Amino acid sequence: MALPLGTAAIDGLRPGDRVLLRALVGLRWVGLAPIALTFWLRRDTLDRPILAVLLAVVVSAFTVWVALTAQSRPARLVEPPVVLCELTLSGAVLAADGWILGFDHTFDPPALGAIWSLAAVLTAGVAFGPVLGAVAGASVASFRLLGALAPVVEHRDPRFADVFVVDDARLLPALSMIALFTVVGLGVGYLSRLQRSAEHQLAEARAHDEAVRAREEVARTLHDGVLQTLALVQRQSPDPELARLAAQTDRDLRRYLAGTANAASPRLKDALRVACDTFTAHFGITPQVVVDDLLDNMSPTTIDALAAATGEALANIGKHANASHIVVYAGRTDPRGTIVTINDDGVGFDPSHTPSDRGIVKSVRKRMHDVGGTVDIRSTPHDGSQVRLWVP
Amino acid sequence: VGSLTVFVADDHPMWRSGVRADLAPHFQIVGESDNATDAIRMISETRPDVALCDLRMPGGGLAVVRACAQHTAFVMLTVSEAERDVLDAVAAGAIGYVTKTVSSAELVDAVRRAAAGQPVFPPALAMLVLGEFRRLASAAPQSDGITRREREVLVLVAQGRTYRQIGEELFISAKTVESHVRNILGKLHLTRREELARYAADHDIN
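Residues numbered from 1 in each chain as written. Chains lettered and ligands numbered in written order. Predicted model: local features only at pLDDT ≥ 70, side-chain atom pairs only at ≥ 80, totals over all residues. Heavy atoms only, no water.

**Q** Give me the lowdown on the nonpolar core, citing residues and values where you can.
**A** Core analysis: the largest hydrophobic core is formed by 50 residues, its most contacted members being Phe74(B), Met76(B), Phe121(B) and Val129(B). The dominant element in this core, judged by the number of residues it contributes, is helix H6 (residues 123–139) of chain B, at 9 residues. Among residues more than four places away in sequence, those in contact with Val129(B) are Leu87(B), Phe121(B), Leu154(B), Ile184(B) and Leu188(B). Ile35(A), Val121(A), Ala127(A) and Ile178(A) belong to the second-largest nonpolar core, a separate cluster that totals 40 residues. (Core = buried A, V, L, I, M, F, W, Y, C linked by side-chain atoms within 4.5 Å. Buried < 20%, exposed > 50% of the residue type's maximum accessible area, 1.4 Å probe, protein only. Helix = DSSP H or I, 4+ residues; strand = E, 2+ residues; numbered from the N terminus. Contact = heavy atoms within 4.5 Å.)

**Q** Describe the environment of Ala141(A), with residues and values.
**A** Residues and elements named next belong to chain A. Take Ala141: it is sitting in helix H6 (residues 130–142). Considered as a pair, Ala141 and Ala114 are 27 residues apart in the sequence and their alpha carbons are 8.5 Å apart. Apart from residues no more than four positions distant in its own chain, Ala141 is found in contact with Leu94, Met177, Ile178 and Phe181.

**Q** Provide a residue-level description of the packing of helix H7 (residues 148–158) of chain B against helix H9 (residues 174–202) of chain B, including the pertinent values.
**A** All names here are of chain B. At a minimum axis separation of 10 Å, H7 and H9 run at an interaxial angle of 105°. Taken together, the axes of H7 and H9 lie roughly perpendicular to each other. Note on element contacts: H9 touches H7 through Val177, His180, Val181, Asn183, Ile184 and Lys187, opposite Arg149, Glu150, Val153 and Leu154. A breakdown of the residues in the contact of H7 with H9 according to their chemical character gives 5 nonpolar, 2 polar and 3 charged. (Axes fitted to C-alpha atoms, helices over the stretch in contact; angles between N-to-C directions. Parallel < 35°, antiparallel > 145°, perpendicular 65-115°, else oblique. Nonpolar A, V, L, I, M, F, W, Y, C, P; charged D, E, K, R; others polar.)

**Q** Outline the side chain of Ser117(A), listing residues and values.
**A** All names here are of chain A. Within the fold, Ser117 resides in helix H5 (residues 114–128). Under the relative-accessibility criterion, Ser117 is labelled buried at 0%. Non-local contacts of Ser117, meaning those with residues more than four positions away in its chain, are made with Ser90, Val93, Leu94, Val140 and Phe181.

**Q** Describe the sheet that holds strand E1 (residues 288–291) of chain A, with residues and values.
**A** Residues and elements named next belong to chain A. In spatial order, the strands read E1-E2-E3-E5-E4; together these 5 strands make up an open sheet with mixed pairing. Pairing within the sheet leaves two strands with one partner each, and these edge strands are E1 and strand E4 (374–379). Averaged over all neighbouring strand pairs, the angle between strand axes comes to 10°, with direction disregarded. In the sheet, E4 pairs with strand E5 (residues 385–391) via 6 bridges, with the strands oriented antiparallel. Looking across to E5, one finds that Thr374 is bridged to Trp390. (Pairing = 2+ DSSP bridges.)

Keep in mind these values describe shape, not function.
Below, the structure is given as structure tokens:
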């Protein structure tokens, strides 16, 4: 499957379209048969024999050219000038009905070049889509009516000379052919578009899969080697500076692997990680970030407020708490709302001795209040603290 | 040196020697291996109290857990938090996991707790387990999920609170919190097994 898609990129033609165009070559060869057969069987009664020969030669030549081009450069067949040329030729074939076989034949089923002309309408549908495909079908079929304008030739068979009257019975086949060609142009155009978008989606999905697989492969390699070594250095290096450097590299690598560089749709998880990274750079402790994957579709304002408040709460812990473990959690609350908690195992404090309108607490409250949220701070001396940020 | 016995399975020699240095003063290290096949054989022979097992060594840490979790408490070692593999290992019977950036003191503590049957349950794992039960509940609504209380406990573990703190918040003892966590692990283990059995039945695998 990868191969046809690869070649499609070169000549700009989808594999489905190419198959259809090849099939249309066959349809044109089949379409030649009734034209040639009719001319041969009625060779003695043709109104304009020279025109008949000329038309047969041009249509055959075009059919040969299309067959050759379908092999060498199929994309040419759907280029607008080529398609217009073919549509005009098809119209001429249908109009010639009346000029060669007699104008009354205009209204006799079946039309001389119906099959051959249909190929042009199908091509137009593929090339131009459903609307223009329908227009092409209607136009080409309408050309048949031009046959009625053909002047009566003197030597023609007297049997047909005076029986011609345009009535419902005669008009109906011509009109039904116009309807048929219109529907065919519309239908093929629609199906072609449908198939094209399906192929497009398939190709995109495949490219995405490959990118994900490549990233997983990179991640696995890094996990098995580099991250193991970095973990080892962080644990066992006697040099704290080296350990700090390893931790920094570790974080950068993980962030790359997680693919957080997604600026288009800011996510709470990424924003919280950034706040934690800033904290780690200052205080050397890496908070654990635990985020419920179900959290989605939050407004950027809310995310910013939560991340900023988290950053302030962390900075407060860094300055006063003397903590060794910090967990930043984000999850849903029942029945609605989102909660972010910042939990540490530091020295804690006595909430009754910390006025709630002072300094850091006040600015966190302000941030949350601005997005309609609340702040709750709990602590027991010597037993850590917990900051809870809630937004509706 | 204490009487608890520990086995270390990890394919990185540097890492094994580091772990050995950390644990040797506190436990008896009864063996080491760098692949799953040897680990299964040696753990079955030595029957240690606790096995520290790398999730991603040759043969896979999961295979070792599946083979030996009946008689040995498994603590998984991983370089990254809360991978799906971790959840699989826990569902297969591991009692918890530690990341490889863990400090010496924490590692010793984790081994002690595992030996006492206390789940070593970091916040990220709690979140994974919550997600797993949500998935199970939507896949098979008639199956027994976790209770409301168990869910509360999981959320508080995910927030980074200790069993004691959770107990205080929910007005229950730390022991009760611990048994809730053990029950959750048991249910996870059970539902996974049922799911595997159902899958096998549905797909006619013998």
